[in-house]
Every structure is written in C-alpha cells, then in structure tokens.
Amino acid sequence: MRLSFGRYIAYNSPIHRMDPRVKLFMLIALMASIFFSTGFTGYVLLGCTVLTIFFMAHLRARMLFSLLKPILFMFTVLLIINCFLITNGYIGWHWGGKAEALGPSAPGGKGWFCFSEKAVFNALYMACRIYLMIMITTILTATTQPLDLTLALEDLLSPLKLVKFPVHILSTIISIALRMIPTLIEEAGRIMKAQASRGVDFKNGHFKDKIKSTTSLIIPLLVSAFQKAEDLAYAMDARGYDPHAKRTRYRHYHINFIDIIIFVFVAGIASVVIAQWATMGTSETFYNVWHWEGTGWVFGKIKTGFIPLRIPHIDDFVMGW
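Position labels on residues start from 1 in each chain and follow its written sequence. Residues qualify for local features only when their pLDDT is at least 70, as the model is predicted, and side-chain atom pairs are given and counted only at 80 or more; totals for whole chains, interfaces and linings, by contrast, use all residues. Hydrogen atoms and water are omitted, and side-chain values are computed over all heavy atoms in the structure.

Focus on the overall build of the chain
Okay, step 1: Only DSSP runs of H or I reaching four residues or more are called helices, and only runs of E reaching two or more are called strands; each is numbered from the N terminus. Looking only at helices and strands, one finds 10 helices and 4 strands in the chain.
Okay, step 2: Written out in order from the N terminus, the α and β elements of the chain read α-α-α-α-β-β-α-α-α-α-α-β-β-α.
Okay, step 3: Looking at the chain alone, contacts between residues at least 24 apart form 68% of all its contacts between residues at least 6 apart.
Okay, step 4: Surface exposure of the chain reaches about 18800 Å², of which carbon and sulfur atoms provide 68%. Contact between two residues is taken to exist if any of their heavy atoms lie within 4.5 Å; hydrogens are not considered. Computed with the Shrake-Rupley method and a 1.4 Å probe, the accessible areas treat only the protein chains shown as cover for residues.

Okay, structure coming up:
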C-alpha cells in the first residue's frame, strides 16, 4: 500500500470542512501538549482524542498500521539505546553486573547493559510520542489542501508582518515542503525498483553491501529532488510569481459552529493534559497497588495531579518517581 503521509485525501468530513486556520491552530495545540510529560496516562487521553479526529476525517484504519511500521524500527533502536543508558531496572537481565537485577540497591552493582522494564517503558514512551506527532501531521496534510494550508499559515503568522517578517514566503516554503513529501516517497520507490532490476539487493548481504546499496538510492533521490525544485522554480517564474508583491485572495474562510465545537473539545483535552502535568505529584491518591521499597513489593499510595488519574508503576518508571 502507498504511504499516504503528506498527501491530501478528498473526503466530505467535518474535519475536511473545518476552517483551515482553526484546524491548524487546533492541531498545533494538540501537538504541543504531547511534549508535556504526564506519563502514559496523558498519552492514552491524547491518543483517544487523536483517534477520534482521525476517524471523524473518514481516514482508513489501515493508514494507522502503515504509519506504525517506521515506529517499530524507531522503538527497536530506542530500546537498544535505553538498555545501555538505563542499567538499574527492578527486573531484567544484566550484562557486566549482577545477572538478575532486584532493584537499584541490589548487591553486585550496575551492569553496563540491562534489558529491564525501565528500558522497555522509556523506549515505548518515546515511540508513543513520535507516533502521535506523525498521526497529527498526517491528519493535517490529509484533510487540508496545500493552498488552504498556505493561506492558513499566513493568517496565523500575520502578526509577524508588523516587524516586516516574510510571512508569505515562509508559509509557501512550508506548504511546498509538505506537498513534496509524498512525491519524494513515490520517487524513492521507483528508484528502488529500477536499481533492483539492475541487480542491486537492498535486503540481503553484509552491512557494507547494504551501505553501498543505500548510496545507490540516496544519490539519485537527491538529484531528482533538486531537479524537481529547479523545475518548480522555473514554472513559478514563468507564471510571473513575485513573493514580495501585494497579493489579493479569491478564497475567504468562515468559521462555522461545528468548527467551534471541535476546537473547544480538542483545546479542552490539551488543557487537561497541560494542567495534569503542571500539578503532577502534588495530590496524594490512595490506590491498592504494589510498589517497590528496596526489600520487596508492598501496598501504598501514589501522587497524581489535579485529576486522580494515573497508570501505576508504568508512569513511575518513566517519570522517575
């Protein structure tokens, strides 16, 4: 299946019909809330919101699995890195220290490599963050035409015109870059097929052979990208495009009632996540859960934010509590 990241998909959905300015600001606010550390609890809330918007846009569910493939590779890489950086897990396998870790204060000291629950949770935490950002970007590009995205960016950045910032040029650059993503992905697929027909093997062989085969893909792709950029520049120049000229519009946007409802809902979710992050660890909530206290697992209580919502142990490992 072709990857739909960066490609506009025409549907008659509430997300497609939204004012592009409201939609862009809403998705940027949702993406910004991802960077606030509220543990897996906050990401479950954000994930449900993003999935709701995704299916409201009538996008196909198989897109979620196609976007998940590169995340699995990132998760593997992050897991290997965390096994070297996080070497004091409660349970797991150590290499270079004690064979089985029983906690940070276990005798035998830390090992220089540890496959533990902390390494898995931290790698999964970062992978979830990246996956949510890719999903939000996909929703934006799949439901907004490039011209609408350019005009929306220009309107949102219009206050910068007071300091003579080239808002129109910047918004045009961003929209062209987003539009070129699916084109370059298709071009990479064509180059891979052409090189494979000439005997280049991208899957098998030693590491050195894979580097050489990757070079045979990257160099033609860069040449093709620069050629397409040059052709686009010539086409814009032939049509008399002047980025500094005073411009008028034939498209005028209007904010509808449904746009306000969707925006208030998503902004409310983002505000809850940010407020939970700001107050995290200030309110004690009693749970009948297990936690580690050096010598064994015992019952106890955990600290949460202004709403009594948290996934025990998993959030503790990730957030260092």
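Let's talk about the side chain of Ser33
Okay, step 1: Along the chain, the position of Ser33 falls in helix H2 (residues 20-34).
Okay, step 2: In this scheme, a residue with accessible area under 20% of its type's maximum is buried, one over 50% is exposed, and one in between is partly exposed, where area comes from a 1.4 Å probe on protein chains only. A relative accessible area of 0% means that Ser33 is categorised as buried.
Okay, step 3: Of note is the side chain of Ser33, whose polar atom sits 2.6 Å from the backbone oxygen of Leu30.
Okay, step 4: With residues up to four places along the chain from it excluded, the contact list for Ser33 reads Leu46, Ala270, Val273 and Ile274. Counted as a polar contact is a pair of N or O atoms within 3.5 Å, where, for protein atoms, one must be capable of donating a hydrogen and the other of accepting one, and residues adjacent in sequence contribute only when both atoms are in side chains.

A short note on the pattern of salt bridges
Okay, step 1: By convention in these notes, a salt bridge is any Lys or Arg side-chain nitrogen within 4 Å of a carboxyl oxygen on Asp or Glu. Scanning the entire structure with this criterion turns up 4 salt bridges.
Okay, step 2: Across the pair Lys161 and Glu154 runs a salt bridge, and its minimum N-O distance is 3.7 Å.
Okay, step 3: Residue classification places Lys161 among the partly exposed residues on the basis of a relative accessible area of 45%.
Okay, step 4: Notably, a salt bridge pairs Glu187 with Arg190, separated by 2.6 Å at the nearest N-O pair. Residue Glu187 and its partner Arg190 are located together in helix H7 (residues 167-197), separated by 3 residues, close to a single helical turn.
Okay, step 5: Judged by its relative accessible area of 14%, Glu187 falls in the buried class.
Okay, step 6: Ionic contacts of the salt-bridge type, sharing partners, join the residues Asp19, Arg21 and Asp155 into one network.

Some thoughts on the nonpolar core
Okay, step 1: Core analysis: the biggest nonpolar cluster contains 39 residues, and Ile15, Leu30, Ile34, Leu46, Val50, Leu59 and Ile139 have the highest contact counts within it.
Okay, step 2: Contributions of two or more residues to this core are made by H2, helix H3 (39-56), helix H4 (62-85), helix H5 (117-143), helix H6 (146-156) and helix H9 (257-279).
Okay, step 3: The greatest single-element share of this core, amounting to 11 residues, is contributed by H5. Note on terminology: a nonpolar core comprises buried Ala, Val, Leu, Ile, Met, Phe, Trp, Tyr and Cys residues joined through side-chain atoms within 4.5 Å.

Notes on the layout of surface pockets
Left-over empty space is what a probe sized like a water molecule reveals as it rolls over the atoms.
Okay, step 1: By volume, the largest pocket is sized at about 940 Å³.
Okay, step 2: Residue lining of the largest pocket: 30 residues in total, with Thr150, His168, Thr172, Tyr241 and Arg247 positioned closest to the centre.
Okay, step 3: Counting residues per element, the ones that place at least two in the lining of the largest pocket are H6, H7 and helix H8 (207-238).
Okay, step 4: Each residue gets one label: Ala, Val, Leu, Ile, Met, Phe, Trp, Tyr, Cys and Pro are nonpolar, Asp, Glu, Lys and Arg are charged, and the others, such as Gly, are polar. Class assignment for the residues of the lining of the largest pocket results in 15 nonpolar, 7 polar and 8 charged. Two kinds of site are reported from a 1 Å grid over the protein atoms alone, namely cavities, where a 1.4 Å probe fits but cannot get out, and pockets, open sets with protein on both sides within 12 Å along at least five of seven lines, and residues are called lining when an atom falls within 4 Å of a point. Grid points are joined across faces, edges and corners, and a volume is the space filled by probe spheres set on the points.

A look at the packing of aromatic side chains
Okay, step 1: Here a pair means two rings of Phe, Tyr or Trp (six-membered ring of Trp) with centres within 6.5 Å. Their orientation is stacked below 30 degrees between planes, edge-to-face above 60, and tilted elsewhere. Evaluation of the coordinates by the stated rule reveals 4 aromatic pairs.
Okay, step 2: With a centroid separation of 5.9 Å and an interplanar angle of 35°, the aromatic rings of Phe25 and Phe263 are classed as tilted. Of this pair, Phe25 sits in helix H2 while Phe263 sits in helix H9; the two residues are 238 residues apart in sequence, bridging distant segments of the chain.
Okay, step 3: On the basis of relative accessibility, which here comes to 46%, the residue Phe25 falls in the partly exposed class.

Points about the packing of H7 against H8
Okay, step 1: Fitted lines through C-alpha atoms give the axes, limited to the stretch in contact for helices. The angle between two N-to-C directions lies from 0 to 180 degrees. Where H7 meets H8, the axes come as close as 10 Å, and the angle between the chain directions of the two elements is 135°. As summarised for this structure, H7 and H8 are arranged oblique, according to the angle between their axes. For the pair H7 and H8, the crossing hand works out as right-handed. Contacts between H7 and H8 involve Ile176, Met180, Thr183, Leu184, Glu187, Ala188, Ile191, Met192 and Gln195 from the first element and Ser216, Leu217, Pro220, Leu221, Ser224, Ala225, Lys228, Leu232 and Met236 from the second.
Okay, step 2: Across the contact of H7 with H8, the residue classes break down as 12 nonpolar, 4 polar and 2 charged. What sets the label is the angle itself: under 35 degrees gives roughly parallel, over 145 gives roughly antiparallel, 65 to 115 gives roughly perpendicular, and the rest give oblique. Should the near helix be turned anticlockwise from the far one by less than a right angle, the crossing is left-handed, and should it be turned clockwise, the crossing is right-handed.

Focus: a nonpolar patch on the surface
Okay, step 1: On the surface, Phe73, Met74, Val77, Ile80, Ile81, Phe84 and Leu85 cluster together into a nonpolar patch covering about 680 Å² of accessible area.
Okay, step 2: Topologically, Ile81 is positioned in helix H4.
Okay, step 3: With a relative accessible area of 43%, Ile81 lands in the partly exposed category. The patches reported here contain residues having more than 30% relative accessible area and no salt bridge. Joining distances are 9 Å for like charges and 5 Å for nonpolar side chains (Val, Leu, Ile, Met, Phe, Trp, Tyr).

Remember, this is a structural readout, not a statement about activity or role.
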